[in-house]
Amino acid sequence: MVFKIQPETKAVMRLIMQVPFVLSANLHGGDLVANYPYDASRSGATTEYTKSPDDQTFRTTAIPVPWDLSGFSVLVKSDNGVTAKFCCRHLALAYSTHHKNMASPQRRGCGDDGYNFGKQGGITNGAAWYSVQGGMQDFNYLSSNDFEITLELGCDKYPSTSSLREEWENNKDALIHYMWQAHIGIKGHVKDAVTGRPLSNTVIHAKNITAGRNDDIQHDVTSVHDGDYWRLLTPGQYVITAYHEGYSPLSHRVNVRERPHQEAQRVDFHLQPLPLLNKVLRKIFGAKRDEVTEEWRKLHNTELQALYSSPDIIRNIKFTRLRWAEHVARMGESRNAYRVLIGRAEEKRLLGKPRRRWEDNIKMELREVGYDGRDWINLAQDRDRWRAYVQPTNGGDRGPEAEYEESYDEVLRDRLVNNLRKKWLFNAYKRAMSTN
């Protein structure tokens, strides 16, 4: 079944993809609650708490405090039913606790038997309330840098004209305070360290290291047109890393502080280009077979960086040398490369310790994998026996491309998945635009 996108939906999608928003909210009626992502449950269940990687930012910081911070603390019931006072309200709580009565536990719920969300701070996870596929706040979060919540502003979906003044007074402070949340966390510019050129589409990754944590936030943002970026974060300690193809990644350790009504902390990145290093690494690691097209291709810069930063680079160098040795040993005496390999110099050696020959390295590496190194040229004539010895130096019998796959660290793997997801959403959007 093909669903036709309505003109107003298409217009909003185009706006989200073209304009780099930081923070937004969509306004509804029918209840009184601030609803945060995700709206769609993972399992497909009708109701199921489905948190996003930035659940802490959408909800509140997990910092229980025994004191009142002049209006910056609130009582919140956690998932396990324990009620505690938390510091530094953000996004959903920022709105609900500045609304006249959204967070009030004493108010009535909507309808005759409606639940009063004020008992949980006036907020709810969207899917925990009821699961909705294709919601606007999920689309914003997954397809752009924008963080969005849904605001249900009242039980009456169609309030009378006479009540609009009261509704404005109920929501005015909350709306203004919510807009200030665009300045939580950090912002900055990413530039080429040599030329000063702004670098758009730089991936900004955050790791939370507060109080001994070591948690990668599996949702990256990217720098936009002029190399500027923003990353909404709650107070704490973070390692922020900028990745851009063709440049060396750069990390900054940042202490994010609670600074009401001030601009976000500035964290700039000046990345060093790596043209020469990448050229050398491509020579070392060689080509890679594409899993989709099954064609050999050059390694991308991000793949080279992952391989170079792993301890397996020596293993790859040894494997490449052994693979070439097998190839030369099978050439036969008519080829110059073979004659150079097995030939012996007629002149006398100079005094002193003899230099190690290239063949000596081959014998040493074969001994590392269990072969005594003698008569290795005859061993190379039997391809199956040779590879039975050689393949373990490259991580098993899956072939050289297996080493590339296994050497990715988890941060890079999740970052690539996240970027592929964004690209898929963007391509889906373009196809929808062209067919409607």
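Owing to the predicted nature of the structure, the values given are computational and were not obtained by experimental measurement.

**Here we look at the UniProt feature "active site" (unreviewed entry) in the protein chain**
- Look at the UniProt record and you will see "active site" (unreviewed entry) annotated at Glu152.
- With respect to the helices and strands, Glu152 occurs in strand E6 (residues 147-154).
- According to the relative accessible area criterion, Glu152 is buried, its value standing at 6%.

**Focus on a nonpolar patch on the surface**
- Together, Leu15, Val19 and Phe21 make up a nonpolar patch on the protein surface, roughly 220 Å² of accessible area in all.
- Considering the arrangement of structural elements, one finds Leu15 in helix H1 (residues 7-18).

**Focus: the pairing of strand E2 (residues 31-36)**
- Most of E2 sits out of view: six of its six residues are buried.
- Burial along E2 is two-sided: Asp31, Val33 and Asn35 and Leu32, Ala34 and Tyr36, pointing in opposite directions, are all buried.
- Note that E2 and E6 share five bridges and pair antiparallel. Each residue of the ladder has a partner; that of Val33, found in E6, is Glu152.
- As paired strands, E2 and strand E5 (residues 123-125) are joined by three bridges and run parallel to one another.

**Comments concerning the pairing of strand E11 (residues 236-243)**
- Counting buried positions along E11 yields six of eight residues, so the element is predominantly enclosed.
- Of the strand pairs in this sheet, strand E8 (residues 203-208) and E11 are connected by six bridges, and their pairing is antiparallel. Residue pairing in the sheet places Val203 in a bridge with Tyr243 of E11.
- Hairpin connection from E11 to strand E12 (residues 250-256): six residues lie between these consecutive antiparallel strands, with Gly246 at a positive phi of about 90°.

**So, the side chain of His205**
- In this structure, His205 sits in strand E8.
- Here Asp220 takes part through its side chain, which lies 2.8 Å from a polar atom of the side chain of His205.

**Side note on the nonpolar core**
- Ranked by internal contacts, the top residues of the largest apolar core, which has 21 residues, are Ala34, Phe58, Leu91, Tyr95, Phe147 and Ile149.
- Of all the elements in the fold, those that place two or more residues in this core are E2, helix H3 (92-96), E6 and helix H6 (164-180).
- If you tally residues by element for this core, the top one is E6, at four residues.
- When near neighbours in sequence (up to four residues on either side) are disregarded, Ala34 contacts Ala92, Met102, Gly122, Ile123, Thr124, Ile149, Thr150 and Leu151.

**Some remarks on the sheet that holds E2**
- Pairing is mixed in the open sheet, where four strands are placed in the order E1-E6-E2-E5. Lying at the two open borders of the sheet, with one neighbouring strand each, are strand E1 (23-28) and E5. Taken pair by pair, the neighbouring strands of this sheet meet at an average axis angle of 30°, ignoring direction.
- Set on the sheet, helix H5 (residues 136-143) makes contact with E1, E2 and E6; between it and E6 the angle comes to about 165°.
- The sheet contacts of H6 involve E1 and E6, and relative to E6 the element is tilted by about 165°.

**A look at empty space enclosed by the protein**
- Taken as a whole and judged by the stated rule, the model has one cavity of 30 Å³ or more.
- Taken together, 22 residues make up the lining of the largest cavity; nearest its centre are His183, Ile184, Glu258, Arg259 and Pro260.
- Classifying every residue of the lining of the largest cavity gives eight nonpolar, nine polar and five charged.

**Some points on the confidence of the model for the protein chain**
- Confidence in the prediction of the protein chain, expressed as mean pLDDT, is 78, and 75% of residues score 70 or more.
- Of the regions scoring below 50 in pLDDT, residues 61-87 engages in 57 contacts with residues more than four places distant in sequence or in other chains.
- This model gives residues 392-414 a pLDDT under 50, and the stretch forms 49 contacts once residues within four places in sequence are excluded.

**What to know about the sheet that holds E11**
- Spatially, four strands are ordered E9-E8-E11-E12 in an open sheet, and the strand pairing comes out antiparallel. Two strands in the sheet have a free side with no partner beyond their single neighbour: strand E9 (215-222) and E12. Neighbour-to-neighbour, the strand axes of this sheet turn through a mean angle of 25°, independent of strand direction.

**Thoughts on the pattern of salt bridges**
- Per the counting criterion, the structure on display carries seven salt bridges.
- The partner of Arg383 in a salt bridge is Glu326, and the shortest N-O contact between them spans 3.8 Å. With Arg383 in helix H13 (residues 383-390) and Glu326 in helix H9 (residues 313-329), the pair connects residues that are 57 residues apart, well separated along the chain.
- Arg383 sits in the partly exposed class, given a relative accessible area of 39%.
- You can call Glu326 buried: its relative accessible area is 5%.
- What emerges from the salt-bridge pattern is a single network uniting Arg165, Glu169 and Lys172.

Cut-offs applied
- Residues numbered from 1 in each chain as written.
- Predicted model: local features only at pLDDT ≥ 70, side-chain atom pairs only at ≥ 80, totals over all residues.
- Heavy atoms only, no water.
- UniProt positions renumbered as here; feature names shortened; annotations may be inferred.
- Helix = DSSP H or I, 4+ residues; strand = E, 2+ residues; numbered from the N terminus.
- Buried < 20%, exposed > 50% of the residue type's maximum accessible area, 1.4 Å probe, protein only.
- Patch = residues over 30% accessible without salt bridge, like charges linked within 9 Å, V, L, I, M, F, W, Y side chains within 5 Å.
- Areas by Shrake-Rupley, 256 points an atom, 1.4 Å probe, with all protein chains shown as cover.
- Salt bridge = Lys/Arg side-chain N within 4 Å of Asp/Glu carboxyl O.
- Pairing = 2+ DSSP bridges.
- Polar contact = N/O pair within 3.5 Å; in protein donor to acceptor, adjacent residues only side chain to side chain.
- Core = buried A, V, L, I, M, F, W, Y, C linked by side-chain atoms within 4.5 Å.
- Contact = heavy atoms within 4.5 Å.
- Axes fitted to C-alpha atoms, helices over the stretch in contact; angles between N-to-C directions.
- 1 Å grid on protein atoms, 1.4 Å probe; cavity = no way out; pocket = protein on both sides within 12 Å on 5 of 7 lines; lining within 4 Å.
- Points joined across faces, edges and corners; volume = space filled by probe spheres on them.
- Nonpolar A, V, L, I, M, F, W, Y, C, P; charged D, E, K, R; others polar.
- pLDDT = per-residue confidence, 0-100.

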